[in-house]
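Chain and residue survey
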Amino acid sequence: MLRQATRAAFLRSRPYRSCIISSPSRSPSRKMATSAQPDADTLASEIAAQSSLLNDLRKQQADPALVEDTKKKLGDLKRSLALLSSANAGASGAKDSKKKERILLKTPKGTRDYGPGEMFCREHIERIVKDCFTTYGGSQLDTPVFERKEILAGKYGEDAKLIFDLMDQGGEQLALRYDHTVPLARYLAMSGAITAQAKLWQVGKVYRRDNPVMSKGRMREFSQADFDIAGSWDTMIPDAEIISLVCTILSRLDVGEFTIKMNHRKILDGIFEVCGVPADKIRTISSAVDKLDKMAWVDVKKEMTDEKGLDPAVADKIGAYVKHKGGPELLETLQADAALMANANAKIGVGEMSTLFTYLSAYGVVDKISFDLSLARGLDYYTGIIYEAIVEASAPPGFAAANAFASSSATPAISDATPTATQPPPKKKPAKKPVAGADEEEEVDESQVGVGSIAAGGRYDNLVNMFTAAAAGEGKKAASLPCVGISIGLDRIFALVWPKWVERGMRSKETMAYVMAAGDGLLAERVALVHDLREAGIKTDFLFKAKPKLPAQFAAGEKDEVPFAIILGGDELKEGLVTVKEQRWEFVDGKKVKVESNDKGTKVKRAELIQWIKDKPTFKDWSSGKLIV
């Protein structure tokens, strides 16, 4: 059945290689044939249909040959669209056509729109994050969405290729910001790095030219919420504060069970030095080790040796260390390693981690911590503790060994086994020669990709100094400002929270009351009551009609799932009364429907209406939009 469906879809959407516009010298019959060929919009629709079919086949774990055949046909369609686009561009340049080209209505790759319901959920997430930021004493900061390119250069290691460069803007080489950390360091350096013991937070969009996986919240334009502590403090106190903060946020956001993976850059550097990694390879090897959350050790070792030129014997020594994870007891294992403790970096790192665990115990969050020696964090600016928050969905499906949930064991936890055969990891394919107008990246199998970490950060003591030193000039003393912080991926959290939000029947608006009129329109009376309710802090709406029919008003209020329907009648108003009908919703066969009731409503004195509503359990208990029975 799947094969028949695929064949049918392919026959509808096979590539139109003959769609290039023919020259005037060709025969009339040839011209007639080309005029029937589809335009770019038609091809785009066929591509969308073929993409949907491919995703369905992957989800149903169809025959691999069938999936590969469907993927090949999708590629042919994309190339056909690229050829058609090139031909149209050439034709429009050759002649002055008065016919306006139709535009393709779609968002750029790696971006998306959010509808009202989704935005209500996203705002709920942001409110919780911002409330926690201010609870922990933070002050808000805002920086430009683009920076001078030299500000971003040299800060992101192998990820530098993901920076979005902008075209020359009046003599300035610019780029979209990659994160909030580097702009914050630039801001602190511009202030002379004299900020003393500041807590700063920022929420906004950042940009990375990565291969997007939209369903997992991995995009090219996405929102991050950062909280950073700048200044010289006693060792590990601000670091513990940051970890406590992220535990508080994730607990309040209801993302499910989560773990904070933690390591220390000095411990990792010490391990590399003891194992014999050349100094010039430490950062690239660190980047390879950081992939152990989604790749088996055998594959990571292969990258170290085959791609990055590391001695296999050295890689094996690294493997003996980075396979360990656990809790405070792992410190005892490291302290018993004489070779490691003879290394200055490792000794400092282990000492600081011991202090940190003492503070985390006071915060009551040790049960959320996994001391994981495989955590590396690929960014170049980290100098001390590093951490990231993960959930069960963080790892690729079928790669259970990557789920580093808190454990008391210090035994090796990374398996040499590859992921299960039913869900093989995506294979790298040789890069194809790009076709003009086509996307350069390969299709990503979303079923084989995890959400990744939902929050991450660490200590960066030298980043501000990098800017102040560069600005001061060679040989001049430059100010330094130690910092530690966390970045929270709001889109990845949304990808986790939104399905739960839908299951629980959350609303897309906060409107609590809908004012209606029975009989005559009573527009002035409706507007006056709406005004009074809004002034009292009750979110209220009404229908913008002078004399609306009552069923139309109920339909409008029910569309927004408003819990209080307030009905005005001429005779009742003369008596100083209004009728209030409480409304509820429930799930029936997976669909949210209004609970039908024979209740005609409650007569309430107009002067007492505001307090009556505020005293109702529905109004008191409502906080996140849930109005399901």
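Structure shown above.
Okay, so let's go over this structure. (Residues numbered from 1 in each chain as written. Predicted model: local features only at pLDDT ≥ 70, side-chain atom pairs only at ≥ 80, totals over all residues. Heavy atoms only, no water.)

**Notes on the nonpolar core**
Ile318 and Ile566 are the most contacted members of the largest nonpolar core, which has 99 residues in total. Of the residues forming this core, the biggest block, 9 residues, is contributed by helix 8 (residues 237–253). For Ile318, the contacting residues outside a window of four places in its chain are Phe272, Cys275, Val277, Ile285, Val289, Trp297, Met304 and Leu310. Ile151, Leu162, Ala175 and Ala198 belong to the second-largest nonpolar core, a separate cluster that totals 27 residues. (Core = buried A, V, L, I, M, F, W, Y, C linked by side-chain atoms within 4.5 Å. Buried < 20%, exposed > 50% of the residue type's maximum accessible area, 1.4 Å probe, protein only. Helix = DSSP H or I, 4+ residues; strand = E, 2+ residues; numbered from the N terminus. Contact = heavy atoms within 4.5 Å.)

**Here's the deal with the sheet that holds strand 13 (residues 540–542)**
Strand pairing in a sheet relies on backbone hydrogen bonds. The paired strands run either parallel or antiparallel. Spatial strand order, 13-12-14-15-18: 5 strands in an open sheet with mixed pairing. The sheet terminates laterally at strand 13 and strand 18 (602–605), the two strands that pair on one side only. Sheet twist, expressed as the average angle between the axes of neighbouring strands with direction ignored, equals 30 degrees. As paired strands, strand 12 (residues 513–517) and strand 14 (residues 564–568) are joined by 5 bridges and run parallel to one another. Paired with Val515 across the strands is Ile566, a residue of strand 14. Contacting strand 12, strand 14 and strand 15 (577–582), helix 19 (residues 550–559) runs over the sheet at an angle of about 175 degrees to strand 12. (Pairing = 2+ DSSP bridges. Axes fitted to C-alpha atoms, helices over the stretch in contact; angles between N-to-C directions.)

**Description of unusual backbone geometry**
Not every positive phi belongs to a glycine, and Asp254 is a case in point at roughly 60 degrees. The topology assignment puts Asp254 in the loop between helix 8 and strand 6 (258–264). Residues other than glycine seldom take positive phi values, yet Glu561 does so here, at roughly 55 degrees. Topologically, Glu561 is positioned in the loop between helix 19 and strand 14. What makes Glu561 buried here is its relative accessible area of 14%.

**A word on the sheet that holds strand 8 (residues 369–372)**
Spatial ordering of the open sheet is given by 1-4-5-11-10-9-6-8-7, a layout of 9 strands whose pairing is mixed. For this open sheet the edge positions go to strand 1 (139–140) and strand 7 (325–326), each flanked by a neighbour on one side alone. When strand 7 meets strand 8, the two strands line up antiparallel, connected through 2 bridges. Bridge assignment links Lys325 to a residue of strand 8, and that residue is Asp372.

**Here's the deal with helix 11 (residues 297–307)**
By the burial criterion, the buried members of helix 11 are Trp297, Val300, Glu303, Met304 and Thr305. Of the surrounding elements, those touching the buried residues of helix 11 are helix 10 (282–289) and helix 12 (312–322). Downstream of helix 11 by one or two residues, Gly309 has phi in the positive range, about 70 degrees.

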